Every structure is written in structure tokens, then in C-alpha cells.
Amino acid sequence: MLNKTAQFIIITTTLGVILTTTKPAKAATFTALNEGTVANTFTECINDGIALQVGKNPINDQGWQYAVDSFNDGVDGFQVGGAGNGYEIYSLALKETKDSIVVVINGNIPLTGIDGTRADDANIGWGDLFFNFTDKDFTTANNQGDLFGVRFAESNDSLVPNLGLYSNVTAISTTDINSGFDSLEDYNIRVNDACQGAGCGPSLGDLAADTSYFDQSQSLNTMGSGEFLTDKGRENGSPRTLVGG
């Protein structure tokens, strides 16, 4: 479920800050990762993405749960999937500890992004990481200010100023300045048109590529605004003992 030759980006968010910003009615019994909670991230160009839905897969002995994406749905120009595809995302692992939520993203994109691209700033990298702790779809939660977000990549085009955790975020698209897809639907069509053979096709980890959780006519991948909570915790590195096998 991991590609150990790829990049590992480790993000830690402070659970206590999330708990104190939830509705008081929930706070007394709130554990952040309730069943149905969704964490997701996309590239800045929507050339790949992944979502983890809490409760969809079992938790291992170390307390981790995984979403595994297709290893053949990253889009890099005319190349879809395949060895060396710079935009391929493989998996997302999530763990709740006593005071933190730890996320490990496994993919080919460096934390600093890929230079020499057709983006306006010549760099295409990661979008932001979103948490939806409600039972609403992404669009509804976004419109109602219920999303949390983490800006973890300093080189990305997020409109929030600092690295760190935000509440009451509004998600926007940066694909127009990153030579990307205008919508998830366009991305799915591109991958499906290029895919050959059994098991080949787009996916979003725990969610189907054409899921109604996301508005398929949109390409929301970064924060346009949000209320800054804390800058604690993100690092780039190896899996060490964090994720296990």
C-alpha cells in the first residue's frame, strides 16, 4: 500500500485546537476522526488526488488507517500513470493520537513542487489538505464554512498566508494558473481515455473518481480564505516507524 521509493510528507495537526473550534454541543463527546470524516488533497493542477474516509478501511495495530489510490491515474502531459510519473499519488495514512492528528501522504511530488512546468510561476505542487468532520458533502461544508484546512506546502498558490491549520476555510481552484484541469470530470475523462487494460482508471483513494462527495464540475484544491489556528507541525521525510509497512 506504500511506494517506499516515493516521497513521504508527514503532517501533524493539533487535535486540541480542532476540538475547541467545534460546536459546543459536540465538544463533550467529540473525537475528531468520527466515522465518515473525510481528509483529502489534490495537486495544484488536479492531475491526481486522494481522499480518506474514516471507517472505510480497518485500523492497523499501530493505529493507522489507509486510503490507497490507483498507481496509474496521475497525469503528466501526455503520460497517464506509468513509472516516473511526477504527479502520481499512491496513498494517504491517518492516525489520531492523544493530542494530534497525523497524516502521511505518499506520492511522487516533492514538498517543494515540480519546477519547469507550464504553470504561471513555473511550479506545480501540492494543493492544501482538507478535513471535513461533518456528514455533509464537500461543497455543502465548504459553502457553510465547516471545513478545516492545512497549508503544508510553502511553494503552493494557496491564498492563506501561513503554513498551518485553519478553520472556517473556503476552498478555491488554482488549476487555471497551473495548466490544470477545469473540473474533476475533465480529469476523469482524460484518464479514462488514456487507460488500457483491466483495473486501469481514475480513483480518489477511498472515494470513486466520479463520487458525488465532490462537485464534479469544479476543481477545488486550495484555501482561498480561513481563520488561522496554529502553525504546528509539518515535515518532509521518510516513513520511519510512523506508518509501518
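As a reminder, the structure under discussion sits directly above these lines.
Trainee: How would you sum up the environment of serine 158? Please name residues and give values.
Mentor: With respect to the secondary-structure elements, serine 158 resides in the loop between β12 (147-151) and β13 (164-172). Looking at serine 158, the relative accessible area reads 9%, which means it is buried. Separated by 2.8 Å, the side chains of serine 158 and aspartate 128 make a polar contact. From its side chain, serine 158 meets the backbone nitrogen of valine 160 in a polar contact 3.5 Å long.

Trainee: Requested: an account of a negative patch on the surface, with residues and values cited.
Mentor: On the surface, Asp115, Asp120, Asp121, Asp176, Asp182, Glu185 and Asp186 cluster together into a patch of negative charge. Relative to the elements of secondary structure, aspartate 176 occurs in the loop between β13 and α4 (184-194). Using a relative accessible area of 59% as the deciding quantity, one classes aspartate 176 as exposed.

Trainee: I'd love a proper account of the pattern of salt bridges, names of residues and values included.
Mentor: Two side chains with opposite charge may pair up if their charged atoms get near one another. Under the definition given, this model contains one salt bridge. One salt bridge connects lysine 136 with aspartate 146, and the closest N-O pair in it is separated by 2.4 Å. Placement of lysine 136 in the loop between β11 (126-132) and α3 (138-143) and of aspartate 146 in the loop between α3 and β12 is noted, with a sequence separation of ten residues between them. Given the relative accessible area of 26%, lysine 136 is considered partly exposed. By relative accessible area, which is 16% here, aspartate 146 ends up buried.

Trainee: Would you mind going over the packing of aromatic side chains in detail, with residue names and values included?
Mentor: Taken as a whole, this structure holds eleven aromatic pairs when the rule is applied. With a centroid separation of 5.4 Å and an interplanar angle of 70°, the aromatic rings of phenylalanine 42 and phenylalanine 214 are classed as edge-to-face. Of the two residues, phenylalanine 42 sits in strand β2 (residues 38-43) while phenylalanine 214 sits in the loop between β15 (207-208) and β16 (222-230), which places them 172 residues apart along the sequence. Residue class for phenylalanine 214 comes out buried when judged on its relative accessible area of 5%. Residues phenylalanine 138 and tyrosine 213 carry aromatic rings whose centres are separated by 6.2 Å and whose planes lie at 65° to one another, so their mutual orientation is edge-to-face. Of the two residues, phenylalanine 138 is situated in helix α3 and tyrosine 213 in the loop between β15 and β16; the sequence distance between them amounts to 75 residues. On the basis of relative accessible area, tyrosine 213 is assigned to the buried category, the value being 11%. Each residue in the set Phe42, Phe130, Phe138, Tyr213 and Phe214 is aromatic and connected to the rest through ring pairs, giving one cluster.

Trainee: An account of unusual backbone geometry is requested, with residue identities and associated values reported.
Mentor: The phi angle at isoleucine 46 is positive, at roughly 55°, despite the residue not being glycine. Examined against the element boundaries, isoleucine 46 turns out to sit in the loop between β2 and β3 (49-53). Among the residues examined, isoleucine 46 registers a relative accessible area of 1% and is labelled buried. The phi torsion at serine 179 lies on the positive side, around 50°, for a residue other than glycine. Relative to the helices and strands, serine 179 is located in the loop between β13 and α4. Given the relative accessible area of 40%, serine 179 is considered partly exposed.

Trainee: Outline α4, listing residues and values.
Mentor: Turning to α4, its buried residues number three or more, namely Leu184, Tyr187, Asn188 and Val191. For α4, the angular spread of the buried residues around the axis is 100°, confining them to a single face. Looking at the buried positions of α4, the neighbouring elements they touch are β2, β5 (75-76), β6 (79-80) and β14 (203-204).

The rules behind each value
- Residues numbered from 1 in each chain as written.
- Predicted model: local features only at pLDDT ≥ 70, side-chain atom pairs only at ≥ 80, totals over all residues.
- Heavy atoms only, no water.
- Helix = DSSP H or I, 4+ residues; strand = E, 2+ residues; numbered from the N terminus.
- Buried < 20%, exposed > 50% of the residue type's maximum accessible area, 1.4 Å probe, protein only.
- Polar contact = N/O pair within 3.5 Å; in protein donor to acceptor, adjacent residues only side chain to side chain.
- Patch = residues over 30% accessible without salt bridge, like charges linked within 9 Å, V, L, I, M, F, W, Y side chains within 5 Å.
- Areas by Shrake-Rupley, 256 points an atom, 1.4 Å probe, with all protein chains shown as cover.
- Salt bridge = Lys/Arg side-chain N within 4 Å of Asp/Glu carboxyl O.
- Lys, Arg positive; Asp, Glu negative; His and termini not counted.
- Charge placed at Lys NZ, Arg CZ, Asp CG, Glu CD.
- Phe/Tyr/Trp six-rings, centres within 6.5 Å; stacked < 30°, edge-to-face > 60°.
- Arc of directions from axis to C-beta.
- Contact = heavy atoms within 4.5 Å.

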